[in-house]
Amino acid sequence: MIRPIVRYGDRILTEPAREVDEVTPDVVALVNDMIETMYAAPGIGLAAPQVGMGLRIFVVDLSVGRDPNGLLAFINPVFVERDGVQLEEEGCLSLPGFNATVVRPARAVVKGLDRSGAERQVEGKGLLARAFQHEMDHLDGRLFVDRLRGIKRDLIVRKIKKLARAGQW
Ligand SMILES: [Zn+2]
């Protein structure tokens, strides 16, 4: 089931998500919905708070469904290692139409549970490391605009407020 994606301005996006106690059928159903929602958007990553669920879950697929091995789903993910620095443009499904250059680690290793409840560890470099950090930020109630310097952030926030006033957000 495709779930509506909440946008910047919704409180859930600013709140830290809580750990999943157990990988129940409801949790698996949520993960499956998140995958469907990510592909439909389309996007390369989605975190549970973006579909209104304050749980520590994210899904990533750099191939957006084209590569059968491209899909990664993490429940209760944690960083094992992070190093290096990269600077690239990024966007977010909760901030449609906005992009900015964000500082991210060049490499990030994430460990968490998959949909079967098994522990999985994945090393991400480049875009995958960026996606890992972007989605982990969502689980901590942080959006990419929060990583921008004041002026850049204010510009985006002002444009969103204008759209909201016009009923277009
Ligand atoms: Zn995002």
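Just above sits the structure.
On a predicted model such as this, the values are computed, not experimentally measured, just so you know. (Residues numbered from 1 in each chain as written. Predicted model: local features only at pLDDT ≥ 70, side-chain atom pairs only at ≥ 80, totals over all residues. Heavy atoms only, no water.)

Visitor: Just give me the short version of the environment of Ser 116, but keep the residues and values in it.
Guide: Looking at the secondary structure, you find Ser 116 in the loop between strand 6 (107-113) and strand 7 (119-125). With 13 residues separating them in the primary sequence, Ser 116 and Val 103 have C-alpha atoms 33 Å apart. Polar contacts involving the side chain of Ser 116 include one to the side chain of Asp 114, which spans 2.7 Å. (Helix = DSSP H or I, 4+ residues; strand = E, 2+ residues; numbered from the N terminus. Polar contact = N/O pair within 3.5 Å; in protein donor to acceptor, adjacent residues only side chain to side chain.)

Visitor: With reference to specific residues and values, describe the pairing of strand 2 (residues 57-60).
Guide: Both faces of strand 2 are covered, namely the face carrying Ile 57 and Val 59 and the face carrying Phe 58 and Val 60. As paired elements, strand 1 (residues 45-47) and strand 2 share three bridges and run antiparallel to each other. What sits directly across from Gly 45, in strand 2, is Val 60. In the sheet, strand 2 pairs with strand 3 (residues 72-83) via four bridges, with the strands oriented antiparallel. Paired with Ile 57 across the two strands is Ile 75, which belongs to strand 3. (Buried < 20%, exposed > 50% of the residue type's maximum accessible area, 1.4 Å probe, protein only. Pairing = 2+ DSSP bridges.)

Visitor: Please provide a residue-by-residue account of the coordination of the zinc ion, values included.
Guide: The protein atoms that coordinate the zinc ion are Cys 92 (SG), His 134 (NE2) and His 138 (NE2), at distances spanning 2.0 to 2.3 Å. Read in sequence order, the donor residues coordinating the zinc ion give the pattern C-x41-H-x3-H. One end of the pair, His 134, and the other, His 138, are both in helix 2 (residues 127-139), four residues apart, so they sit about a helical turn from each other. Pair check on accessibility: His 134 and His 138 agree, each one buried. (Donors = N, O, S within 2.8 Å, 3.2 Å for Na, K, Ca; no water.)

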